[in-house]
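Listed below are the residues making up each chain.
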Amino acid sequence: MNILLFGKIPPPMGGVTVSVKNLIAALASKGIRADLLGRNMKRLRYDLAHIHYSSLAKRFLGVLLARFFAKKVIFTVHGKFLDMDNVFNKLSVRLSHGVIVLNTKLLDQLRKNNPEINCCRMPSIFAEGFEGAKEEGNLIEREDGKRYLLLYAFDKNYRDGKEVYGVSFILDNLHRIDQKYKIVLLDINGKYRDDIPQEQDKIIYIDEVVNFISLLNQVDIYLRPTCMDGASVAVQEALVMNVPVVASDVVDRPDEALTYRYMDVEDFLQKLEQANLAEKPDMQLQSVDTYLNFCGNLNQ
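Because the structure is a prediction, the values reported are computed rather than measured.

A.B. asks: Explanation requested: empty space enclosed by the protein in the structure shown.
C.D. replies: Leftover empty space is mapped by rolling, across the atoms, a probe with the size of a water molecule. Counted according to the given criterion, the structure contains 1 cavity of 30 Å³ or more. By volume, the largest cavity amounts to about 90 Å³. The wall of the largest cavity is formed by 13 residues, among which Ser19, His52, Thr76, Pro123 and Phe126 lie closest to the centre. In the lining of the largest cavity, the residues fall into 7 nonpolar, 6 polar and no charged.

Laid out in structure tokens, this is it:
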């Protein structure tokens, strides 16, 4: 099988680009080459084209273009929704041979309301493409007796008036979080710099790209207080690195993650303490064979 991917690899660093990079590495471990559109194409015709665009219009154009390059076309919904009343989504599905989603709720919804769609749920990263922590110096200076919570934001985005990454939720409730905790805010585009309270010592602020896996290796808990999600790459990476995760319940999370009711401060604080006392998680990633089996059965 030869595969053409529509998408990017880091930089920039983000869930989708990391997912694409992981897929390329995972396929390579199986002896399968995956080319990137416009970057390293080695042929004019492929067995499969896989679109990873999040913009609905761009996804549709990608699917349309992919029909000229590949025998079969699929796309991944990297977010929480696939509104089948939207014309771009309708056309993308009609012109594709399969759809990959990242959460169970969307999968159930599609199978119930659109049983004709050939769809499946998969993780956003696979075991064969996962890279462990690199040997780096200390990215944070730890203090004895402190527990370190990692909070990540790619940008300062909003959806339906709600802040996507939930940084404000944490900052607004900073005074409620026990003194034994310190928060490492990884804000790679510097969008929350002016929101950090003055004269406080609970936050370690990082506004540049660092090796995320190495940073995970230096903290105690990963926070994911988002208002929406697909299948967060960061959550999966944390759990694979044996770092406990406290995440909002806006989408189904891996069983190893602790979830709290979205925007419920009391429930969040309770789950934070629970994560602090719990044994470290030990999540195993799925094999890319799951992906290959789905792609291989598209004719059926």
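A.B. asks: Where do I start with unusual backbone geometry in this structure?
C.D. replies: Note on backbone geometry: most residues besides glycine have negative phi, and most peptide bonds are trans. A cis amide bond links Pro10 with the next residue in sequence, Pro11, at an omega value of 0°. Following the sequence through the fold, Pro11 ends up in the loop between strand 1 (3-6) and helix 1 (15-29). Of the consecutive residues Pro11 and Pro12, the connecting peptide bond is found in the cis state with omega at 0°. You can see Pro12 is positioned in the loop between strand 1 and helix 1. At Asp160, a position not held by glycine, the phi torsion is positive, near 55°. Given a relative accessible area of 71%, Asp160 falls into the exposed group.

A.B. asks: How do you make sense of the sheet that holds strand 10 (residues 181-187) when you look at a structure like this?
C.D. replies: Note: strands within a sheet are paired through backbone hydrogen bonds, in either parallel or antiparallel orientation. Read across the open sheet, the 6 strands follow the order 11-10-7-12-13-14; overall the sheet is parallel. Pairing within the sheet leaves two strands with one partner each, and these edge strands are strand 11 (203-206) and strand 14 (258-260). Looking at each pair of strands side by side, their axes are set apart by 20° on average, direction ignored. Relative to strand 11, strand 10 runs parallel, the two sharing 4 bridges. Paired with Leu186 across the bridge in strand 11 is Ile206.

A.B. asks: I'm lost on helix 8 (residues 265-277) in this one. Help?
C.D. replies: Compared with an ideal rise of 1.5 Å per residue, which puts 13 residues at 18 Å, helix 8 spans 19 Å between its outermost C-alpha atoms and is within 8% of the ideal. Of the positions making up helix 8, those classed as buried are Val265, Asp267, Phe268, Leu269, Lys271, Leu272, Ala275 and Asn276. Where the residues of helix 8 are buried, they touch strand 7 (147-153), helix 5 (167-172), strand 10, strand 12 (221-224), strand 13 (245-248) and strand 14. Regarding helix 8, its N-cap is Asp264, as a side-chain oxygen of that residue lies 3.2 Å from the backbone nitrogen of Glu266 further along.

A.B. asks: How should the packing of aromatic side chains be read in this particular structure?
C.D. replies: Geometrically, a pair of aromatic rings is defined through the distance of the ring centres and the angle of the planes. Scanning the model with the defined rule gives 9 aromatic pairs in all. The interplanar angle of 40° and the centroid separation of 5.9 Å between the aromatic rings of Phe60 and Phe88 together place this pair among those described as tilted. Note that Phe60 is positioned in helix 2 (residues 56-69) and Phe88 in helix 3 (residues 87-95), a separation of 28 residues in sequence. Given the relative accessible area of 14%, Phe60 is considered buried. Given a relative accessible area of 32%, Phe88 falls into the partly exposed group.

A.B. asks: Where do I start with a nonpolar patch on the surface in this structure?
C.D. replies: Judged by side-chain polarity, Val87, Phe88 and Leu91 come together as a nonpolar surface patch covering roughly 220 Å² of accessible area. Locating Val87 in the fold gives a position in helix 3.

A.B. asks: I keep staring at the layout of surface pockets and nothing clicks. Help me out?
C.D. replies: In this structure, the second largest pocket encloses a volume near 270 Å³. The residue inventory of the lining of the second largest pocket, partitioned by class, reads 9 nonpolar, 5 polar and 3 charged.

Basis of the calculations
- Residues numbered from 1 in each chain as written.
- Predicted model: local features only at pLDDT ≥ 70, side-chain atom pairs only at ≥ 80, totals over all residues.
- Heavy atoms only, no water.
- 1 Å grid on protein atoms, 1.4 Å probe; cavity = no way out; pocket = protein on both sides within 12 Å on 5 of 7 lines; lining within 4 Å.
- Points joined across faces, edges and corners; volume = space filled by probe spheres on them.
- Nonpolar A, V, L, I, M, F, W, Y, C, P; charged D, E, K, R; others polar.
- Helix = DSSP H or I, 4+ residues; strand = E, 2+ residues; numbered from the N terminus.
- Buried < 20%, exposed > 50% of the residue type's maximum accessible area, 1.4 Å probe, protein only.
- Pairing = 2+ DSSP bridges.
- Axes fitted to C-alpha atoms, helices over the stretch in contact; angles between N-to-C directions.
- Expected span 1.5 Å × (residues − 1).
- Contact = heavy atoms within 4.5 Å.
- Polar contact = N/O pair within 3.5 Å; in protein donor to acceptor, adjacent residues only side chain to side chain.
- Phe/Tyr/Trp six-rings, centres within 6.5 Å; stacked < 30°, edge-to-face > 60°.
- Patch = residues over 30% accessible without salt bridge, like charges linked within 9 Å, V, L, I, M, F, W, Y side chains within 5 Å.
- Areas by Shrake-Rupley, 256 points an atom, 1.4 Å probe, with all protein chains shown as cover.
- Salt bridge = Lys/Arg side-chain N within 4 Å of Asp/Glu carboxyl O.

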